[in-house]
Amino acid sequence: MYTLDQIRKSFNGSTSRADRSEIGQFLTPVAIAKFMSSMFEAAPRRVRILDPGAGTGVLFAACLETLISKADHPESIEVVAYETDSAVMPYLEETMERCRSLCVSGGIDFHGIIRAEDFVSAATTEINDPLFHIPGVRFTHAILNPPYKKMNSRTAMSKMLYSSGIEVANLYAVFVWLSMLLLEQGGQLVAITPRSFCNGPYFRKFRTTFMRMMSLKRIHLFESRKKAFGDDNVLQENVIYHAGRESQKPESILISSSGGLDFDKARLLAVPYSRVIHPRDRDMFVHLDANETEVCASERMECLGSSLGDLGLSVSTGRVVDFRAREHLRQTPQPGTVPLIYPCHFSDGFIKRSVEAGRKPNAIRLTAETSTLFVESGFYVLTKRFSSKEQRRRVMAAVFDPARFDASFVGFENHLNYYHEGGRCLQADLAKGLALYLNSTMVDRYFRLFSGHTQVNAADLRKMPYPTREQILRLGRAVDDAMPDQETIDVIMEKECPNHGK
Ligand SMILES: C[S@@+](CC[C@H](N)C(=O)[O-])C[C@H]1O[C@@H](n2cnc3c(N)ncnc32)[C@H](O)[C@@H]1O
């Protein structure tokens, strides 16, 4: 009998990485599959396991092996595995056979079903079928590493899902959503997926439905995005989570993290449920505090007194989409143009006049057609929307100081967000203080907690807590015409917002 690792390696050896990558077929390493299986809590006597997008079947097999290794193992186990790739089918059958013989030798009833069909259509049909409500047809366990693919809202599949109330941005969330619907009350789910669902507007509907229907009990984070899948080049940051289909929420959520597959060295922290999912947050962001320092950062931030709305400020995305205004772009400022600001104009916390050698234009013509894209010149705070993983901080802020530009208007390019006061500029000290705050390590730590990706969306910035207006103005007085270095910023912040930010 082949081991699960041999089956996985044999399939990976028979296909190219490029082909697997094309269909998002990143097979779970056995060590992760076992770790995931260890998260399930006590099982009933009769177990039904769902594995949608089963690949070689490593997940259901690891789950089954964990269940049958227990002294009080189940009497019967049924496995339903969905898979559409015909190339992986012989390997999946091999794994199913392995499960059958393990159960037979352990005196456990076994029933294994491979459904070589699209899980999404099959599951949607099933949940709309009246027979679905008969007890016994739903699953006690769902274990999944679903395919990842952006959803196009115009496809027939998206429309079908929409009519069942399922609205998501990525196929992985569809798989998790349908799996939780297929669970019986008290059933459990363990999934490994990208971390993107934890925040942001695209996954709001999924997140809020999941959090209402399920009780999230455990989350595991990987400190390195490459180490989890090792031999496959998975670029997303993945998380593993365990949740039960029950409305009662736990007191705390267990958050763990490991460098890669060294789960025995995982750091564990029980974080109050209300700190991971804030009770008054209608967007239900998932705040992932992986260690004490971060918990501390999160607590300190939440003690800050103001929301952006309280400050009377707004943050918007730059209105100039350069490829749509190509004919108006100019490399250098000329009569009849206004400054055009890109991320490459950030320099030491301020916006510099122009980047001569850069590839980006420094100016844009002011015409009747383009005038709606600009704001009146004045103090603004800009942040980059996209950061690289290697970048020192996720949030990079810079002050637009009008004295450095001889212009009445300015254009902010679409890769930037800008803070303003009802569409108008900010008071100088307010802009400088706000940029200092946004460039602090405290904000960076806080941001990393709930943002798995490197994007800094305006929606994320809107939700952050801020110091009071008086505090920001005082912070601003510490900034002349250059942003202090990181250490000084953090010392200034510490003085202004000691311990609990009061
Ligand atoms: C990320 S891989 C994971 C495979 C396996 N669960 C594991 O953990 O090793 C996702 C699998 O889903 C399959 N798949 C993709 N779309 C599917 C669909 N609509 N229905 C069923 N399976 C699908 C792919 O062929 C692939 O084998």
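### Re the overall build of the protein chain
When you go through the protein chain residue by residue, the secondary structure sums to 16 helices and 20 strands. By its C-alpha atoms, the protein chain is 85 × 50 × 45 Å across when sized along the principal axes. Scored against the burial criterion, the 502 residues of the protein chain give a buried share of 43%. Taking contacts inside the protein chain between residues at least 6 apart in sequence as the whole, the part at least 24 apart equals 78%.

### Here we look at the packing of helix H12 (residues 428-438) against helix H15 (residues 469-476)
At a minimum axis distance of 7 Å, the contact between H12 and H15 shows a crossing angle of 90 degrees. With respect to their mutual orientation, H12 and H15 come out roughly perpendicular. Here Asp429, Leu430, Lys432, Gly433, Leu434, Leu436 and Tyr437 of H12 come into contact with H15, specifically with Ile472, Leu473, Arg474, Leu475 and Gly476. Partitioning the contact of H12 with H15 into residue classes produces 7 nonpolar, 2 polar and 3 charged.

### Here we look at the sheet that holds strand E1 (residues 46-52)
Overall, mixed pairing links the 9 strands, which are arranged E3-E2-E1-E4-E5-E7-E6-E8-E9 in an open sheet. The sheet is open, and its two borders are formed by strand E3 (109-115) and strand E9 (267-272), each paired with just one other strand. Each adjacent strand pair in this sheet contributes to an overall mean axis angle of 15 degrees, direction not counted. Taken together, the 7 bridges between strand E2 (residues 76-82) and E3 define a ladder with parallel strand orientation. The residue of E3 that forms the bridge with Ala81 is Ile114.

### Looking at the environment of Phe206
Relative to the assigned elements, Phe206 resides in helix H9 (residues 204-213). Since 21 C-beta atoms lie within 10 Å of it, Phe206 is described here as buried. Along the primary structure Phe206 and Val174 are separated by 32 residues, whereas in three dimensions their C-alpha atoms are 8.3 Å apart.

### Quick word on the domain arrangement of the protein chain
Per the domain assignment, the segments of the protein chain are domain 1 (4-214) and domain 2 (314-496). Computed from C-alpha atoms alone, the centre-to-centre distance between domain 1 and domain 2 is 44 Å.

### Structural notes on the nonpolar core
If you look at the biggest cluster of nonpolar residues, it comprises 82 residues, and the most contacted ones within it are Met36, Ile49, Leu59, Phe60 and Trp177. Top contributing element to this core by residue count: helix H8 (residues 171-181), with 9 residues. Judged by nonpolar contacts, the second largest core, of 54 residues, contains Val375, Val395, Met396 and Val399.

### Quick word on helix H1 (residues 4-14)
Among the residues of H1, Leu4, Ile7, Arg8 and Phe11 are the ones counted as buried. Taken end-on, H1 shows its buried residues confined to a sector of 95 degrees, consistent with a single buried face. Check the buried side of H1 and you find it contacts helix H3 (30-37), helix H4 (58-68) and helix H5 (89-105).

### Observations concerning the pairing of strand E17 (residues 380-384)
On a regular strand, one side chain projects to one face of the sheet and the next to the other, so that they alternate. Within E17, 5 of the 5 residues are buried, leaving the element largely enclosed by the surrounding structure. Of the two faces of E17, both are covered, the one formed by Tyr380, Leu382 and Lys384 as well as the one formed by Val381 and Thr383. Pairing of E17 with strand E18 (residues 397-400) involves 4 bridges; the strand directions are antiparallel. Within E18, the position partnered with Thr383 by the bridge is Ala397. Bridge count between E17 and strand E20 (residues 416-420): 4 bridges; the pairing is antiparallel. Paired with Thr383 across the strands is Asn417, a residue of E20.

### Brief notes about the site of the ligand
Of all residues adjacent to the ligand, which total 22 residues, the nearest are Leu27, Thr28, Gly53, Gly55 and Asn145. Secondary structure elements with two or more residues in the shell around the ligand: H4 and helix H6 (119-127).

### Here we look at H4
Burial runs high along H4: 8 of the 11 residues are buried. Those residues of H4 that sit buried are Val58, Leu59, Phe60, Ala61, Ala62, Cys63, Leu64 and Leu67. The inward-facing, buried residues of H4 contact H1, H3, E1, E2, H5 and strand E4 (139-144).

### Some words on the sheet that holds strand E15 (residues 363-365)
Sheets are built from strands that pair by backbone hydrogen bonding, the pairs being arranged parallel or antiparallel. A sheet is described by the order of its strands in space; here 5 strands give the open sequence E11-E15-E12-E19-E16, paired in mixed fashion. At either margin of the open sheet sits one strand with a lone partner, and together these are strand E11 (329-330) and strand E16 (374-376). In the sheet, E16 pairs with strand E19 (residues 409-412) via 3 bridges, with the strands oriented antiparallel. The residue of E19 that forms the bridge with Phe374 is Gly411.

### Some points on the pairing of E1
Within E1, 6 of the 7 residues are buried, leaving the element largely enclosed by the surrounding structure. Summarising the sheet, E1 and E2 pair through 7 bridges and their orientation is parallel. The residue of E2 that forms the bridge with Ile49 is Val79. For the crossover from E1 across H4 to E2, the handedness is right-handed. Both E1 and E4 contribute to a ladder of 2 bridges, which runs parallel. If you follow Leu50 over to E4, its bridge partner there is Ala142.

### Re the environment of Ala459
Of note, Ala459 is situated in helix H14 (residues 458-463). Residue Ala459 is classed as partly exposed on the basis of its C-beta count, with 17 C-beta atoms lying within 10 Å. Distance in space between the C-alpha atoms of Ala459 and Ser387 is 16 Å, their sequence separation being 72 residues. Apart from residues no more than four positions distant in its own chain, Ala459 is found in contact with Gly200 and Pro201.

### With respect to the packing of H1 against H5
Closest axis-to-axis distance for the H1/H5 pair is 10 Å, and the angle between their directions is 175 degrees. Taken together, the axes of H1 and H5 are roughly antiparallel relative to one another. Contacts between H1 and H5 involve Leu4, Ile7, Ser10 and Phe11 from the former and Tyr91, Glu94 and Thr95 from the latter. Along the lines of polarity and charge, the residues of the contact of H1 with H5 split into 4 nonpolar, 2 polar and 1 charged.

Conventions used here
Residues numbered from 1 in each chain as written. Predicted model: local features only at pLDDT ≥ 70, side-chain atom pairs only at ≥ 80, totals over all residues. Helix = DSSP H or I, 4+ residues; strand = E, 2+ residues; numbered from the N terminus. Buried ≥ 20, exposed ≤ 12 C-beta atoms within 10 Å, placed from the backbone. Contact = placed C-beta atoms within 7 Å. Axes fitted to C-alpha atoms, helices over the stretch in contact; angles between N-to-C directions. Parallel < 35°, antiparallel > 145°, perpendicular 65-115°, else oblique. Nonpolar A, V, L, I, M, F, W, Y, C, P; charged D, E, K, R; others polar. Pairing = 2+ DSSP bridges. Domains from an automatic or database assignment. Core = buried A, V, L, I, M, F, W, Y, C linked by C-beta atoms within 7 Å. Arc of directions from axis to C-beta. Near = placed C-beta within 6 Å. Right-handed = clockwise from strand over helix to strand, strands pointing away.

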